[in-house]
Amino acid sequence: MRRVLALCAVAGIASSAFAVPASAAAGYYVIRWDNTGICQVWNEDLRYKPLQWGVSTYKVVSKPLPTFTAASDLQIKLRGERRCTL
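All residue numbers here refer to positions counted from 1 along the written sequence of the relevant chain. Totals for whole chains, interfaces and linings use every residue, but because this is a predicted model, local features are given only for residues with pLDDT of at least 70 and side-chain atom pairs only at 80 or more, for both listing and counting. Side-chain metrics in this entry use all non-hydrogen atoms of the structure; hydrogen atoms and water are not considered.

Caption draft 1: Fine view of the sheet that holds strand 3 (residues 58-60). Strands pair, by our definition, only if DSSP identifies at least two bridges between them. Numbered from the N terminus, helices here are DSSP runs of H or I no shorter than four residues, and strands are runs of E no shorter than two. Here we have three strands laid out as an open sheet, ordered 2-1-3, and antiparallel in their pairing. Of all the strands in the sheet, the pair left with one neighbour each is strand 2 (39-43) and strand 3. The sheet shows a mean angle of 35° between the axes of neighbouring strands, direction not considered. Pairing analysis gives three bridges linking strand 1 (residues 28-33) to strand 3, with the strands arranged antiparallel. Across the sheet, residue Arg32 finds its bridge partner in strand 3, namely Lys59. Throughout, an axis means a line fitted to C-alpha atoms (over the contacting stretch in the case of helices), and angles, computed between N-to-C directions, take values from 0 to 180 degrees.

Caption draft 2: Main features of the nonpolar core. What we call a nonpolar core is a set of buried Ala, Val, Leu, Ile, Met, Phe, Trp, Tyr and Cys residues that are connected through their side-chain atoms within 4.5 Å. Only protein chains enter the area calculation, which uses a 1.4 Å probe; residues under 20% of their type maximum are buried, those over 50% are exposed, and those in between are partly exposed. Counting eight residues, the largest nonpolar core consists of Tyr28, Val30, Cys39, Val41, Leu65, Ala71, Leu78 and Cys84. Looking at this core, the elements that each hand over two or more residues are strand 1, strand 2 and helix 2 (68-80). Residue contacts are defined here by distance: any two heavy atoms, one from each residue, within 4.5 Å place the two residues in contact. If near-sequence neighbours (up to four positions away) are discounted, Leu78 is found in contact with Val30, Val61, Arg83 and Cys84.

Caption draft 3: Here's a closer look at helix 2. To estimate how far a helix should reach, multiply one less than its number of residues by 1.5 Å. Here helix 2 is 13 residues long and its end C-alpha atoms lie 18 Å apart, about the 18 Å a rise of 1.5 Å per residue gives. Three or more residues of helix 2 are buried, namely Ala71, Ser72, Gln75 and Leu78. For helix 2, the angular spread of buried residues about the axis comes to 120°, placing them on one side. Exposed and facing more than 90 degrees away from the buried side of helix 2 are Thr69 and Gly80. The reported arc concerns the directions from the helix axis to the C-beta atoms and nothing else.

Caption draft 4: Quick peek at the environment of Arg82. Relative to the assigned elements, Arg82 resides in the segment after helix 2. Along the chain, Arg82 and Gly37 lie 45 residues apart, while their C-alpha atoms are 9.6 Å from each other.

Caption draft 5: Seen up close, the state of the cysteines. When two cysteine sulfur atoms lie within 2.5 Å, the pair is treated as a disulfide. A complete count under the given rule lists one disulfide for this structure. In this model, Cys39 is linked to Cys84 through a disulfide, with the two sulfur atoms separated by 1.7 Å. Disulfide Cys39-Cys84: torsion about the S-S bond near -60°, hence left-handed. Of this pair, Cys39 sits in strand 2 while Cys84 sits in the segment after helix 2, and the two are 45 residues apart along the sequence.

Caption draft 6: Quick look at the packing of aromatic side chains. For Phe, Tyr and Trp, where Trp contributes only its six-membered ring, two rings pair if their centres lie within 6.5 Å, and the inter-plane angle classes them as stacked under 30 degrees, edge-to-face over 60, or tilted in between. Scanning the model with the defined rule gives two aromatic pairs in all. Taking the centre distance of 6.1 Å and the plane angle of 80° together, the rings of Tyr28 and Phe68 count as edge-to-face. Placement of Tyr28 in strand 1 and of Phe68 in helix 2 is noted, with a sequence separation of 40 residues between them.

And the structure:
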């Protein structure tokens, strides 16, 4: 019983060690919607990209940023510079 418990503990620690680098590599971008001028923080790890249809298209307006907070700060800065409407 102790061996099984120890094995489970080791497996849990090993799996968490692999999970940390994957999330640390996540990139965030600021995208700007052309039809409204609204800027949005977008996570690179999301499975699907934002839907573009008709006049609703977007452009990436930032380089990859390491954290959501950094991307949000840039979004606020762009809004202050009037490069984004919201």
